[in-house]
Amino acid sequence: MTSGNDMTKARVCQQAFIREYGHVAGILGIGLGLTDDRTEATIEVFVDQEQEEPDLPATFEGLQVRKTPTTGAKALAIDETVDLPEVDREDLPTSKSKVVRR
Amino acid sequence: MDMDSARNAQIEILRDMFGFDEVAGPTGDPHFVNPRNGTSNETGAFSVVASAASAGRLQAEPEFGGPAPVKIPEWRPEDDVAIGIQPQRKGRGMELVALYQRPGMDEHELIQRLRDRFKAEISVRYAGRTRALSWTRERRDPLCPGLSVGHPDITAGTLGGFARDKGTGTLGILSNNHVLANVNEATPGDASWQRARSDGGSSGERVGTLDRFLPIDLTGAPNELDCAWSELDGNRGTDLGTIRDNNGVPLGQIAQTDPVTLNALDTVQKVGRTTGHTWGVVTAVNVMNLQVAFEKGVGVFQNVTAIQTTGSSAFSDGGDSGSIILTEDFRPGGLLFAGSKSGGAGNKGITYACNLERVLDILDLDLAI
């Protein structure tokens, strides 16, 4: 089993991976997983199965990079499909002050 | 064919051709039960439809990581054919109707035998799979996790669970912003319905008042949570922590009020309005830059947990939003809010959940069980 320390290192590695590959077309999300024997962290990349599979390295800074083809995520109330526009990705924190209250 | 002849023909098919057991119904009428489905306690002729179409295999689909799987008997064609009686399409008498529920059965030898035997007096049609209306979509009292709920202007989502205001102890319903607050469009004070509009809900089914929600940013700035809380009102009771299976039978209780951190490869479960109780596995944590399509735009989410099914059906589908994600031992960890239609295990899609601990913290709530 990976330790908390390993996962902290993995998060740093994930951030580096996002900086290097986060802009690549066809990537829907980038997370952290574990190898099946639970001994090593992995970088889990969700890739758009309707686009050409992005060219990604098999490993990144020692972590295995695994691709999972899928479709775009939708909020799961019953609603209508919308096209996914391009968006900017700036890092702004979630804040309690933003909560709308009665 | 008159009605008596049609009834006799129906009996001939069910008893002699299908090999169903004849038992006395509650009113003394003959009643036929597929012996592979066990003893039926349904009443009337439609019990055959129900037993063949839903009670057998639909409940028997195994989901690994959950309770011991139910053994699935080998498929037989008569399991998927319902026999009814209807007015003749041409003429004033009655005729038989065979409704088959598995695609491609039109050419099956059993269907051919029915046609040969009854010729113009039987109509054969594909009816598709019949599924009993889920308990989660009904109006329920007491309220419990997994039920259909929503703002009056949305279709349907899931009542994930209950939570109390940290300061006042007031009890309310926990779900997503896009379920209770219509993706920021709602105003605190708006109603929450159980059941939701898509399930027949109306103003008479108000169970809560929207009290607070975290807005979802649709401009490209990152989000972490999709959450809202409605204060309970109305006079329905609550069954706070009970998790129920697809028949509405209690499976267990939410084990604690403090959420846990979900880790990769954790076995998880949820009960939701659409797909009911399902099992899955966490395949990724801390998922970043996930674009989620809402009806009104796209939100980019960070720090999300990805889950894939471990069963034979999808872990979630539209209408399951708001479900609380629980570990195998019923400890709460996430709040389901999004998913994809395909990809992942068995191409059944990937489900995404936000961090429940962060949800409770940001909304100043304690989980109630």
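Residues numbered from 1 in each chain as written. Chains lettered and ligands numbered in written order. Predicted model: local features only at pLDDT ≥ 70, side-chain atom pairs only at ≥ 80, totals over all residues.

Undergrad: Would you explain the overall build of chain B in this entry?
TA: Along chain B, the regular secondary structure elements total five helices and 24 strands. When the 369 residues of chain B are sorted by exposure, 47% land in the buried category. (Helix = DSSP H or I, 4+ residues; strand = E, 2+ residues; numbered from the N terminus. Buried ≥ 20, exposed ≤ 12 C-beta atoms within 10 Å, placed from the backbone.)

Undergrad: Got a minute to help me understand the overall build of chain A in this structure?
TA: Counting its regular elements, chain A contains one helix and six strands. Mapped from its N terminus to its C terminus, chain A presents α and β elements in the order α-β-β-β-β-β-β. When each of the 102 residues of chain A is scored for burial, the buried share is 30%. Across chain A, every contact between residues at least 6 apart in sequence was considered, and the portion connecting residues at least 24 apart equals 37%. (Contact = placed C-beta atoms within 7 Å.)

Undergrad: What exactly am I supposed to notice about the pairing of strand E4 (residues 63-70) of chain A here?
TA: Residues in a regular strand project their side chains so that they alternate between the two faces of the sheet. Residue and element names in this part refer to chain A. In terms of strand pairing, strand E2 (residues 41-48) meets E4 through seven bridges, oriented parallel. Counted as the bridge partner of Thr 42 is Gln 64 from E4. Note that strand E3 (residues 59-60) and E4 share two bridges and pair antiparallel. Following the sheet pairing, Thr 59 is matched in E4 by Gln 64. As consecutive antiparallel partners, E3 and E4 are separated by two residues, and within that stretch Glu 61 has a phi angle of approximately 50 degrees, a positive value. (Pairing = 2+ DSSP bridges.)

Undergrad: Help me understand the sheet that holds strand E3 (residues 81-87) of chain B in this model?
TA: Whether parallel or antiparallel, the strands of a sheet pair through hydrogen bonds between backbone atoms. Residue and element names in this part refer to chain B. On the basis of which strands lie adjacent, the open sheet formed by three strands has the order E3-E4-E5 and mixed pairing. In the strand order of this sheet, the two ends are held by E3 and strand E5 (122-126), each with one partner. For this sheet the average axis-to-axis angle between neighbouring strands, irrespective of direction, equals 25 degrees. As paired elements, strand E4 (residues 94-100) and E5 share five bridges and run parallel to each other. Within the sheet, the bridge partner assigned to Ala 98 lies in E5 and is Val 124. (Axes fitted to C-alpha atoms, helices over the stretch in contact; angles between N-to-C directions.)

Undergrad: I'm lost on helix H1 (residues 3-17) of chain B in this one. Help?
TA: Because an α-helix packs 3.6 residues into every turn, residues spaced three or four apart end up facing the same way. Taking 1.5 Å of rise per residue, the 15 residues of H1 of chain B would be expected to cover 21 Å, and the 20 Å separating its terminal C-alpha atoms lies within 8% of that figure. Gly 19 of chain B occupies a position one or two residues after H1 of chain B and carries a positive phi of about 75 degrees. (Expected span 1.5 Å × (residues − 1).)

Undergrad: Can you walk me through the environment of Arg 195 of chain B in this structure?
TA: Residues and elements named next belong to chain B. Along the polypeptide, Arg 195 turns up in the loop between strand E10 (191-193) and strand E11 (206-213). Separated by 137 residues in the primary sequence, Arg 195 and Pro 332 have C-alpha atoms spaced 24 Å apart. In contact with Arg 195, other than residues within four places in its own chain, are Arg 137, Glu 138, Arg 139, Ser 148, Gly 200, Gly 201 and Glu 205.

Undergrad: Mind showing me how you'd approach the environment of Met 17 of chain B here?
TA: Residue and element names in this part refer to chain B. Following the sequence through the fold, Met 17 ends up in helix H1. On the basis of neighbour count, Met 17 is assigned to the partly exposed category, with 15 C-beta atoms found within 10 Å. Taking C-alpha positions, Met 17 is 8.8 Å from Leu 114, a pair spaced 97 residues apart along the chain. With near-sequence residues (within four places) excluded, Met 17 lies in contact with Glu 12 and Arg 113.

Undergrad: Any chance you could explain the interface of chain B and chain A here in plain terms?
TA: A common measure of how large an interface is: the accessible area buried when the components associate. Counting from both sides, the interface comprises 58 residues of chain B and, opposite them, 45 residues of chain A. Elements with a contribution of two residues or more to the side of chain B that touches chain A: helix H4 (177-180), E11, strand E12 (222-223), strand E17 (276-288), strand E18 (290-294), strand E19 (297-301), strand E22 (332-339) and strand E23 (350-355) of chain B. The element best represented in the side of chain B that touches chain A is E17 of chain B, accounting for six residues. In the side of chain B that touches chain A, the residues fall into 30 nonpolar, 21 polar and seven charged. Pairing geometry for strand E5 (residues 73-75) of chain A and E22 of chain B, over two bridges, is antiparallel. (Nonpolar A, V, L, I, M, F, W, Y, C, P; charged D, E, K, R; others polar.)

Undergrad: For this particular structure, what's the right way to read the pairing of strand E13 (residues 228-232) of chain B?
TA: Residue and element names in this part refer to chain B. Bridge analysis of strand E9 (residues 171-175) against E13 gives four bridges, and the strand direction is antiparallel. In the strand pairing of E13, Leu 174 is matched with Trp 229. As judged from the five bridges shared by E11 and E13, these two strands associate in the antiparallel manner. Within the sheet, the bridge partner assigned to Thr 209 lies in E13 and is Glu 231.

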